Amino acid sequence: MKLAGAALNQTPLDWDNNLRNIKSAIEQAKEQNVDILCLPEMSIPGYGCEDLFLSEWVSLECFERLLEIKEWCEGVIVCVGLPIRLNNTTYNTACVISNKQILGFTAKQFLANDGVHYEPRWFSSWVPNTVEKFEMLGQTYQIGDIIYEHQGVKFAFEICEDAWRNANRPAYRHKPKGVQLIINPSASHFAMSKTDVRYHLVVDASREFECTYLYVNMLGNEAGRMIYDGETIIAQNGNVILRNQLLSFKSVDFECAEVSFENPLPPVDVLPLPPVDENIEFISAITLALFDYLRKSRSRGFVLSLSGGADSSLCAVAVAEMVRRAVAEIGLEEFVQKTNCLTPEEFPVFRQLSADELRNVLVSKLLVTAYQGTINSSDDTYRSAEELARSIGAVFYNWTIDEEVKSYRGKIEHAIGRELTWEHDDLTLQNIQARVRAPGIWMLANLRNSLLLATSNRSEASVGYATMDGDTAGSISPIAGVDKAFIRQWLVWAQLQLGYEGLQYVNNLQPSAELRPLEKTQTDEEDLMPYPLLNQIERLAFYNRLSPQQVFQELKGTYPDDKLRQFIQRFYSLWSRNQWKRERYAPAFHLDDYNVDPRSWLRFPILSGGFRQELNQLPS
């Protein structure tokens, strides 16, 4: 029997795009004489419709589209995801179509309700081992925990979260019923190192349940924040028959393989994956996320305030690497068609260029940068910004903002009747410089119909080390999901492993906001604490969910007790004080196993007691 999976790059409520991808997958399946094709979870409407799943009309629209899709399914079984709404209750289902006939709808039994997931807000769980009938548009269908059969092979489903429920997963109930094939349509979000867990979830299951397992994930930056890696796995009795390349730039990543049910592969011990390189995973994910965000938002490129520091440098390299990777995989013609970055006259000229030349000229079409210096900016950061922009082909502007800062400062000094000084007005004088940088860079973004890249990282977001309406200004904040320590080591890796020699300058600098006078030698870690420690406290506090006292005990011995206590108090105080900032950050990609975005992974009250009692109880 030939099995296939097609990872689709869908968009919520983009009916034309979504059905075009589904039709392409079905056509490829028919060309390859596939018996069963699985498409991802919620592939008709897109997984990220959120509260629209509560709207009756969305489910009805999906069903009407389903009736359109079934007419394409001659000679093939297709599994496609959509919501089914019955009696004011919405179910997350996989519909099985065989030779233009709907056989039934399997409903998801377990709903994801942790981290970035809020499925119980929209869907209801189906009761295991039950099947019901319902009527829709004049026809009667079955829905529930259904066992299907094709060519004498029984098959059934686990839908995404179903497989993550350990002893409660449906596979335990499928095995005694004689199920030989388990199909799993998923929308399982990307996080660094997660693929190893998912690999074992699938391949180990094929051995434990003595079956063939077909797993298919969603692909791309579907709705703005979540990224899907498009993983397809076919495994039998612990043997990996097929596993695809993840994080593809294709709209449809179709994969298929022959599987024998008459003479199945013998059970084997599951081989582990090679060690995961998170540096590679990170750049693969963020470049795909940027590419999809660019084209789905119908923007014409990116604009970046390039300070010469680590964060903005990473954003610049991410755009350059997006261009390189996308063109290498899907070709120049499709890249241009999706980004609309070249005129018909330019295309034949550009296609003659070498890979490096092509990357740089395409970057010049898609990325505009500006260095906005003040008297507090150093020659080192200017050189870092200019050389990096030149090396990747980005447009580079350079101007100073001292006159604007002086103008605002003069207005306020006149209004309050005194001079502002660094001794008494340090924070105010820092913030006005960051805020004055925003209008000019926004103007460039508006002029070009481009996305303004905000450069805040997760470490800064945790402690509010950012100027609201200044360096936080932007359309998207692509690196807000990763910490500063990761960013710094990644830049060194990118210089050495990806060949971005323009990073040599930033890799020799200490991170600094450069908002105080140069003689004060401002650095981020002097203002805050060592970044590796900040990240440890953050993870223990909000990923491991420990109290301040427990965090202190976990970290005891890494610093002298009085110094450690000071750092912990500073972290929790700044965290509590700055929740309002995190509520206003530009949308960020989910890249790690957690983030501090209150609209996805971590919610915290804007007003709180600030851990005063808990911090007072730290050992003295």
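Up top is the structure.
Residues numbered from 1 in each chain as written. Predicted model: local features only at pLDDT ≥ 70, side-chain atom pairs only at ≥ 80, totals over all residues. Heavy atoms only, no water.

S.K.: What is the right way to read the nonpolar core from this model?
M.R.: A general feature of soluble globular proteins is that nonpolar side chains tend to end up buried together. One finds Phe-282, Leu-290, Phe-302, Phe-335, Leu-362 and Trp-490 to be the most contacted residues of the largest nonpolar core, which totals 68 residues. Here this core gets 16 residues from one element, more than from any other, and that element is helix H6 (residues 310–339). Other than its neighbours up to four places away in sequence, Leu-290 contacts Phe-302, Ala-318, Val-319, Met-322, Leu-453, Ile-476, Pro-478 and Phe-589. Core analysis: the second largest hydrophobic core is formed by 45 residues, Leu-528, Tyr-531, Val-551 and Val-596 among them. (Core = buried A, V, L, I, M, F, W, Y, C linked by side-chain atoms within 4.5 Å. Buried < 20%, exposed > 50% of the residue type's maximum accessible area, 1.4 Å probe, protein only. Helix = DSSP H or I, 4+ residues; strand = E, 2+ residues; numbered from the N terminus. Contact = heavy atoms within 4.5 Å.)

S.K.: Any chance you could explain empty space enclosed by the protein here in plain terms?
M.R.: Empty pockets left among the atoms are what a rolling probe the size of a water molecule brings to light. Considering all chains together, one arrives at one cavity of 30 Å³ or more under this definition. Of the voids in this model, the largest cavity is the one considered here, and its volume is about 120 Å³. Around the largest cavity, the lining comprises 15 residues; the ones closest to its centre are Ala-480, Tyr-585, Ala-588, Val-596 and Asp-597. (1 Å grid on protein atoms, 1.4 Å probe; cavity = no way out; pocket = protein on both sides within 12 Å on 5 of 7 lines; lining within 4 Å. Points joined across faces, edges and corners; volume = space filled by probe spheres on them.)

S.K.: I tried to follow the packing of aromatic side chains on my own but got confused; where do I start?
M.R.: What describes a pair of aromatic rings is the distance from one ring centre to the other and the angle between the planes of the rings. Applying the stated rule across the entire model yields 35 aromatic pairs. With centroids separated by 6.1 Å and ring planes inclined at 55 degrees, the aromatic side chains of Tyr-382 and Phe-396 adopt a geometry described as tilted. Residue Tyr-382 is found in helix H9 (residues 379–392), and its partner Phe-396 is found in strand E19 (residues 395–400); the two are separated by 14 residues along the sequence. The exposure class assigned to Tyr-382 is partly exposed, which follows from its relative accessible area of 26%. Feature note: the residues Phe-542, Phe-571, Tyr-572, Trp-575, Phe-604 and Phe-611 constitute an aromatic cluster, connected by ring pairs. The ring of Tyr-543 is capped by Arg-539, whose NZ or CZ atom sits 4.2 Å from the centre of that ring. Over the ring of Trp-575 we find Arg-582; its NZ or CZ atom is 3.5 Å from the centre of that ring. (Phe/Tyr/Trp six-rings, centres within 6.5 Å; stacked < 30°, edge-to-face > 60°. Lys NZ or Arg CZ within 6 Å of the ring centre and 35° of its normal.)

S.K.: Is there a simple way to explain the environment of Gly-178 in this structure?
M.R.: Note that Gly-178 resides in the loop between helix H3 (171–174) and strand E10 (181–186). Between the C-alpha atom of Gly-178 and that of Lys-154, which follows or precedes it by 24 residues, the distance is 6.8 Å.

S.K.: Just checking my understanding: could you explain the environment of Arg-570 for this structure?
M.R.: The topology assignment puts Arg-570 in helix H17 (residues 561–577). Judged by its relative accessible area of 25%, Arg-570 falls in the partly exposed class. On a C-alpha basis, the gap between Arg-570 and Arg-516 in space is 21 Å, while along the polypeptide they are 54 residues apart. For Arg-570, the residues in contact, after removing those within four places along its chain, are Glu-526, Asp-527, Leu-528 and Met-529. Within polar-contact distance, the side chain of Arg-570 engages the backbone oxygen of Leu-528 at 2.3 Å. (Polar contact = N/O pair within 3.5 Å; in protein donor to acceptor, adjacent residues only side chain to side chain.)

S.K.: When you look at the side chain of Asn-221 in this model, what are you seeing that I'm missing?
M.R.: Residue position: Asn-221 is located in strand E12 (residues 219–221). From its side chain, Asn-221 meets the backbone nitrogen of Gly-224 in a polar contact 2.9 Å long.

S.K.: Would you take a moment to explain the sheet that holds strand E16 (residues 252–258) for this structure?
M.R.: Strand order in this open sheet of eight strands is E6-E7-E5-E4-E3-E2-E1-E16, and the pairing throughout is mixed. Sheet topology places strand E6 (131–136) and E16 at the edges, where each strand pairs with a single neighbour. Within the sheet, the average angular offset between the axes of one strand and its neighbour, ignoring direction, is 30 degrees. The pairing of strand E4 (residues 89–98) with strand E5 (residues 101–107) spans six bridges and is classified as antiparallel. In the strand pairing of E5, Ile-97 is matched with Ile-102. In this fold helix H1 (residues 15–31) packs onto strand E1 (2–8), strand E2 (36–38), strand E3 (77–86) and E16, with an angle of close to 25 degrees to the strand it touches most, E16. (Pairing = 2+ DSSP bridges. Axes fitted to C-alpha atoms, helices over the stretch in contact; angles between N-to-C directions.)

S.K.: Looking at this structure, how should I read the pairing of E5?
M.R.: Along E5, five of the seven residues are buried, which leaves the element largely enclosed by surrounding structure. Linking two consecutive strands that pair antiparallel, namely E4 and E5, is a turn of two residues; a positive phi of about 50 degrees is found at Asn-99 within it.

S.K.: Could you clarify how one ought to interpret the side chain of Gln-10 in this entry?
M.R.: As for its placement among the helices and strands, Gln-10 is situated in the loop between E1 and H1. Gln-10 gets classed as buried once you look at its relative accessible area, which sits at 0%. Polar side-chain contacts of Gln-10 include one of 2.9 Å to the side chain of Asn-21. Those residues in contact with Gln-10 that lie beyond four places of it in its chain are Asn-17, Asn-18, Asn-21, Ile-22, Ser-43, Met-218, Leu-219, Glu-222 and Lys-296.

S.K.: Mind showing me how you'd approach unusual backbone geometry here?
M.R.: Where the residue is not glycine, phi is negative for most of them; where a peptide bond is considered, it is trans in most cases. Here Lys-100, not a glycine, exhibits a phi torsion of approximately 75 degrees, which is positive. One can find Lys-100 in the loop between E4 and E5. Given a relative accessible area of 27%, Lys-100 falls into the partly exposed group.

S.K.: Please clarify how the pattern of salt bridges should be interpreted in this entry.
M.R.: Oppositely charged side chains are able to pair whenever their charged atoms sit close together. In this structure the tally under the stated criterion is 31 salt bridges. Between Arg-121 and Asp-51 there is a salt bridge, and its shortest N-O distance comes to 2.8 Å. Taken together, the positions of Arg-121 in the loop between E5 and E6 and Asp-51 in the loop between E2 and helix H2 (56–70) put the pair 70 residues apart, joining distant regions of the chain. Taking relative accessible area as the criterion, Arg-121 reaches 54% and is therefore assigned exposed. In this structure, Glu-231 engages Arg-198 in a salt bridge whose closest nitrogen and oxygen atoms are separated by 2.6 Å. In this pair, Glu-231 sits in the loop between strand E13 (227–229) and strand E14 (232–236) while Arg-198 sits in helix H4 (residues 194–208), placing the two residues 33 residues apart along the sequence. Note on Glu-231: relative accessible area 0%, which makes it buried. The structure contains a network of salt bridges with shared partners spanning Arg-198, Asp-229, Glu-231 and Arg-243. (Salt bridge = Lys/Arg side-chain N within 4 Å of Asp/Glu carboxyl O.)

S.K.: Even after reading the chapter, I still don't get the packing of H1 against H2, so can you show me in this structure?
M.R.: Direction vectors running N to C along H1 and H2 enclose 30 degrees, while the axes themselves pass 11 Å from each other. In terms of their interaxial angle, H1 and H2 are classed as roughly parallel. Crossing of H1 over H2 shows right-handed handedness. Along the contact surface, H1 presents Trp-15, Leu-19, Ile-22 and Ile-26, while H2 presents Val-58, Glu-61, Cys-62, Arg-65, Glu-68 and Ile-69. Within the contact of H1 with H2, the residues separate by chemical class into seven nonpolar, no polar and three charged. (Parallel < 35°, antiparallel > 145°, perpendicular 65-115°, else oblique. Left-handed = near helix turned anticlockwise from the far one by under 90°. Nonpolar A, V, L, I, M, F, W, Y, C, P; charged D, E, K, R; others polar.)

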